[in-house]
Amino acid sequence: MARAQLTGILLAQTTTYVGLQLFMFVAPWWALGFTESPLAPIGIFLAITLANTLPGPLVGHLVDKSDPLRLLQTARILTVLLLAVIALISFVKLESIGLVCLLVGLVGFTEFLYSTAFFSAVPRFIDRQGLLGLGSRLETINAVAGILAPVVAGHLLVLGNFTVAFGAVAALLALGLLGFRGASAGKIGGEEDKSPGTESSSKTGFVQSLHLSVRQTLADKKLLYLIAIPALANVAMAPLGALVLAAVHGLGLGAREAGWATSAFAGGVLAATLLLARFSTPRHLYPVGISVLVLGLGTVITGAVGYPYLLVGSFLAGGGTIALGLYARTLMQTLAGPSTLGKSLALQRTLRMSLRPLGLVLAGVGAELFGSRAAIAFLGFYLLIVGSAGLWFVRKT
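Keep in mind that this is a model prediction, so the values were computed, not measured.

A. Focus on the overall build of the protein chain. Assigned secondary structure in the protein chain consists of 15 helices and zero strands. Across the 397 residues in the protein chain, those meeting the buried criterion constitute 45%. Across the protein chain, every contact between residues at least 6 apart in sequence was considered, and the portion connecting residues at least 24 apart equals 87%. Looking at the protein chain as shown, the accessible area adds up to about 19300 Å², and 67% of this sits on carbon and sulfur atoms.

The structure is reproduced here in structure tokens:
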């Protein structure tokens, strides 16, 4: 791959990650400010979650049937336009939580479309041997953006100018399009794959194949564990970011402190990822349950103590989230057979994402009734139960 192409891809995703990390901090903090309700950031996160869950088959169909490079450019232009509308609403003070959730959800959809198209378009620039190295670079960039962006946003929002913040997000995302300047259009690889078996299966055949793969996955206790524990933990993980912002706001603190709390969580994710990278290929199930226990402990601390001590809890919680992604996914890749791996990973993601709205709704109601900090502590105790149950299951199998 040419250096210019690699530079373009890294530019596109660096600006994307920084812009989206800014957006994911600014939007819920803005909603929390004009509603004074912990349900507002919950609603923002719920809108984004639904936008990244419900249209999955539609997004996949659009990417498969279109030129992904042209599609990602179109999706990004739509995102920038939506952000311009949000910036205008904040400027003229026409804030409505229903309208904001709708617009944020649309941003979530267009960025879901962009991301899917991006990772489908990348193979036109890079060979298979270079994909893993590129993926590692992108993950590192995303983690660093998750640490720096909330801190920067928190300091900027001390001035209270959300219009400028949303404008900055739009500018960063628009800048990412320059990374694909001069790239040619057309199908990936220059032509469609017409090899046998690429045609669409009949509806009956697809359903039978899906049913069989689910049965095979659930029959393997280890694979069942790797699907169930992260999914159950994700019920509590989904609303945690929104509740932390609400808790900081409830303590009478400002955007600067909220930025540090969010960055501490991202710092824990990065630290755990780098620590895991020092070890060999995962072979044991115990670290998944242990990670959930660490996540639960960090969550309890975050809800039980004040600022700045909650930064420690946020850091531990971030480190524990490794159970929801890298470790469990890598271990599944080791245990599952080649013929069922893709379906097992898809089942894991589908179950995990489908439970997120449940967690967001329950946490929102709990925060409204008992307060954000109490809701965070409750989620922490729930995670301790899930982690303990996971370790008990491993011991018995």
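B. View of the environment of Leu232. Locating Leu232 in the fold gives a position in helix H9 (residues 221-250). Along the sequence, Leu232 and Leu351 sit 119 residues apart, while their C-alpha atoms lie 9.1 Å from each other. Excluding residues within four positions of it along the chain, Leu232 makes contact with Tyr382 and Val386.

C. Broad picture of helix H7 (residues 162-176). For H7, which comprises 15 residues, the first-to-last C-alpha distance of 22 Å matches the rise-based estimate of 21 Å (1.5 Å per residue) to within 8%. Regarding H7, the residues found buried are Phe162, Ala165, Phe166, Val169, Ala170, Leu173 and Gly176. For H7, the arc enclosing every buried residue in end-on projection is 135 degrees, short of the 170-degree limit, so these residues lie on one face.

D. Structural view of unusual backbone geometry. Going from Tyr307 to Pro308, the amide bond is cis rather than trans, its omega being 10 degrees. Following the sequence through the fold, Pro308 ends up in the loop between helix H11 (286-304) and helix H12 (310-320). Phi is positive for Glu36, which is not a glycine, with a value near 55 degrees. With respect to the helices and strands, Glu36 occurs in the loop between helix H1 (3-35) and helix H2 (39-51). Judged by relative accessible area, which is 55%, Glu36 ranks as exposed.

E. Main features of the confidence of the model for the protein chain. Residues with a pLDDT of 70 or more make up 77% of the protein chain, whose mean pLDDT is 80. Counted against residues more than four places away or in other chains, residues 185-204, with its pLDDT under 50, gives 18 contacts.

F. Just a nonpolar patch on the surface, in detail. Among the surface-exposed residues, Leu88, Phe91, Val92 and Leu94 lie close enough to one another that they form a single nonpolar patch of about 430 Å² accessible area. Mapped onto the elements, Val92 comes out in helix H4 (residues 68-92).

G. Looking closely at the nonpolar core. The biggest cluster of nonpolar side chains holds 70 residues, and the ones touching the most others in it are Phe23 and Phe166. If near-sequence neighbours (up to four positions away) are discounted, Phe166 is found in contact with Phe23, Val26, Ala27, Trp30, Leu83, Ile86, Ala87 and Ser90. If you look at the next biggest cluster of nonpolar residues, it comprises 21 residues, including Leu10, Leu72, Ala75 and Leu113.

H. Here's a closer look at the packing of aromatic side chains. Applying the stated criterion to the full structure yields seven aromatic pairs. A network of ring pairs unites the aromatic residues Phe23, Trp30, Phe34, Phe162 and Phe166 as a single cluster. The side chain of Arg76 reaches across the aromatic face of Tyr114, ending 3.9 Å from its centre.

I. Geometry of the side chain of Glu257. Its location among the elements puts Glu257 in helix H10 (residues 255-277). Summary of buried charges: Glu257 has no salt-bridge partner, and the nearest side chain of opposite charge, Arg256, is 4.5 Å away. Residues within four places of Glu257 in sequence aside, it is in contact with Val248 and Tyr307.

J. Structural context of the side chain of Thr110. Tracing the backbone shows Thr110 in helix H5 (residues 97-121). Thr110 gets classed as buried once you look at its relative accessible area, which sits at 5%. Of note is the side chain of Thr110, whose polar atom sits 2.6 Å from the side chain of Thr79. Sequence-distant contacts of Thr110, that is, excluding residues within four places in its chain, are made with Ala75, Leu78, Thr79 and Leu82.

K. Local environment of the packing of H4 against H5. Orientation of H4 relative to H5, taken along the N-to-C sense of each, is 160 degrees, at an axis distance of 8 Å. Compared by their axis directions, H4 and H5 come out roughly antiparallel. The two elements H4 and H5 cross, and the hand of that crossing is left-handed. Seen from H4, the contacting residues are Pro68, Leu69, Leu71, Leu72, Ala75, Arg76, Leu78, Thr79, Leu82, Val85, Ile86 and Ile89; seen from H5, they are Leu99, Leu103, Leu106, Val107, Thr110, Glu111, Leu113, Tyr114, Ala117, Phe118, Ser120 and Ala121. Of the residues assigned to the contact of H4 with H5, the class counts are 19 nonpolar, three polar and two charged.

L. Focus on the environment of Ala228. On the secondary structure map, Ala228 appears in helix H9. Residues Ala228 and Gly390, spaced 162 residues apart in sequence, show a C-alpha to C-alpha distance of 9.1 Å.

M. Seen up close, the pattern of salt bridges. Applying the stated criterion to the full structure yields one salt bridge. One salt bridge in this structure joins Glu111 and Arg76, with 2.9 Å as the shortest N-O distance. Here Glu111 is found in helix H5, whereas its partner Arg76 is found in helix H4, with 35 residues between them in sequence. We classify Glu111 as buried; its relative accessible area is 8%. In this structure Arg76 comes out as buried when scored by relative accessible area, which is 0%.

N. Fine view of the packing of H9 against H11. Look at H9 against H11: their axes get within 11 Å of each other, and the N-to-C directions meet at 20 degrees. Between H9 and H11, the interaxial angle falls into the category roughly parallel. H11 is crossed by H9, and the crossing has left-handed handedness. On H11, the residues that touch Tyr225, Leu226, Ile229, Ala233, Met237, Leu240 and Val244 of H9 are Val288, Gly289, Val292, Leu295, Thr299 and Thr302. By residue class, the composition of the contact of H9 with H11 is 10 nonpolar, three polar and no charged.

Conventions we followed
- Residues numbered from 1 in each chain as written.
- Predicted model: local features only at pLDDT ≥ 70, side-chain atom pairs only at ≥ 80, totals over all residues.
- Heavy atoms only, no water.
- Helix = DSSP H or I, 4+ residues; strand = E, 2+ residues; numbered from the N terminus.
- Buried < 20%, exposed > 50% of the residue type's maximum accessible area, 1.4 Å probe, protein only.
- Contact = heavy atoms within 4.5 Å.
- Areas by Shrake-Rupley, 256 points an atom, 1.4 Å probe, with all protein chains shown as cover.
- Expected span 1.5 Å × (residues − 1).
- Arc of directions from axis to C-beta.
- pLDDT = per-residue confidence, 0-100.
- Patch = residues over 30% accessible without salt bridge, like charges linked within 9 Å, V, L, I, M, F, W, Y side chains within 5 Å.
- Salt bridge = Lys/Arg side-chain N within 4 Å of Asp/Glu carboxyl O.
- Core = buried A, V, L, I, M, F, W, Y, C linked by side-chain atoms within 4.5 Å.
- Phe/Tyr/Trp six-rings, centres within 6.5 Å; stacked < 30°, edge-to-face > 60°.
- Lys NZ or Arg CZ within 6 Å of the ring centre and 35° of its normal.
- Lys, Arg positive; Asp, Glu negative; His and termini not counted.
- Polar contact = N/O pair within 3.5 Å; in protein donor to acceptor, adjacent residues only side chain to side chain.
- Axes fitted to C-alpha atoms, helices over the stretch in contact; angles between N-to-C directions.
- Parallel < 35°, antiparallel > 145°, perpendicular 65-115°, else oblique.
- Left-handed = near helix turned anticlockwise from the far one by under 90°.
- Nonpolar A, V, L, I, M, F, W, Y, C, P; charged D, E, K, R; others polar.

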